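Observations on the three-dimensional arrangement
Below, each chain spelled out in residue letters.
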Amino acid sequence: MGSIFTLSIIQSALELGCIYSLVALALFISFSILNIADLSTDGCFTLGCAVGAMVTIAGHPFLAFPAAMAAGVASGFVTAFLQTRMGVPSILAGIIVNTGLYTVNIAVMGFSSNVNLFACDTIFSLAKDRIAADWYNSWYKIILVIFIVLLVSVILAWFLNTRLGLSIRATGDNEHMVRASSINPVFTITVGLCLSNSLTALSGAILAQYQKSCDINLGTGMVTIALASLIIGETIIGRGGMFKKVIGVILGSCLYRFIVAI
């Protein structure tokens, strides 16, 4: 058992688990809250990775994250527009956007199937250069990733308890009741999917800087991974408040990465 649970495996599982937990949180919004099967996740993850990588190559490692999130919002808006305005079923809308994003991602990457960031500064390399403590040198990545994920989790849990957040949650529970209460479900679905896809793209941008590369097929199977993490997290935590559910999704993602690593 000692050879299975090595320190490097534990570190890697925690790092990747936290990075991918943002995708699980995205599906938590779209699938668990809005009750929408958003299949554009694979393409949106690669979109965030591509935009984040190209902005990082341009010399802006911090700007890469809001740029990737903005691209994710655009992807979510198109998906929501197809569903709410064009009457396309949610699954088919996700497939259409996911297929279209393949071409968009190739264009963003300069019509290359992969790019590398080995010659670029990333948030991880900058953090390592500014901290001289020996104990930190082996854990700086996980500390940085946990900080980002916890910050996103707190903001997300707060947002879902605001008036707009409660409207989004109510839309997923009963769209007809929401419409009867003078709340526009088209608006709440659009906001929910834009928020969901922005988290997916943010996860892709972080992964691009983490592994210093981006590949056009990087997002393949991301829906399956995120759904598995979401189900594990909801099973472990069970019922509870919004912040408890969000933390449960993160724990589920980390546990999934441990299972994969083993």
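Structure: above.
Just so it is clear, the model here is predicted, and its values are computed rather than measured.

Looking at the overall build of the protein
The secondary structure content of the protein amounts to twelve helices and two strands. Along the protein, helices and strands appear, N-terminal first, in the series α-α-α-α-β-α-α-α-α-α-α-β-α-α. The globule rule puts the C-alpha radius of gyration for 262 residues at 18 Å, and the 18 Å found for the protein is close to it. Looking at the 262 residues of the protein, the share that counts as buried comes to 50%. A sequence separation of at least 24 residues applies to 79% of the contacts in the protein between residues at least 6 apart. Per element, the accessible surface of the protein, about 12,000 Å² overall, is 66% carbon and sulfur. Side chains of the protein carry 12 positive and 10 negative charges; the gap between the two charge centres is 8 Å.

Some words on the packing of aromatic side chains
For the structure shown, the criterion picks out three aromatic pairs. Geometrically, the ring pair formed by Phe124 and Tyr210 is edge-to-face, given 5.9 Å between the ring centres and 75° between the ring planes. Of this pair, Phe124 sits in helix α5 (residues 123-130) while Tyr210 is found in helix α10 (residues 185-211), placing the two residues 86 residues apart along the sequence. Tyr210 matches Phe124 in its accessibility class, with the two residues each being buried. The cationic tip of Lys141 hangs over the ring face of Tyr210; the distance from NZ or CZ to the ring centre is 5.0 Å.

Describing helix α12 (residues 242-261)
The end-to-end C-alpha distance of α12, which contains 20 residues, comes to 29 Å, matching closely the 28 Å that a straight helix rising 1.5 Å per residue would cover. Every buried residue of α12 is listed here: Met242, Val246, Gly248, Val249, Ile250, Gly252, Ser253, Cys254, Tyr256 and Arg257. Elements that come into contact with the buried residues of α12 comprise α1 (7-33), α7 (140-159), α8 (163-173) and α11 (222-237).

Rules and cut-offs
Residues numbered from 1 in each chain as written. Predicted model: local features only at pLDDT ≥ 70, side-chain atom pairs only at ≥ 80, totals over all residues. Heavy atoms only, no water. Helix = DSSP H or I, 4+ residues; strand = E, 2+ residues; numbered from the N terminus. Rg over C-alpha atoms; globule rule 2.2 N^0.38 Å. Buried < 20%, exposed > 50% of the residue type's maximum accessible area, 1.4 Å probe, protein only. Contact = heavy atoms within 4.5 Å. Areas by Shrake-Rupley, 256 points an atom, 1.4 Å probe, with all protein chains shown as cover. Lys, Arg positive; Asp, Glu negative; His and termini not counted. Charge placed at Lys NZ, Arg CZ, Asp CG, Glu CD. Phe/Tyr/Trp six-rings, centres within 6.5 Å; stacked < 30°, edge-to-face > 60°. Lys NZ or Arg CZ within 6 Å of the ring centre and 35° of its normal. Expected span 1.5 Å × (residues − 1).

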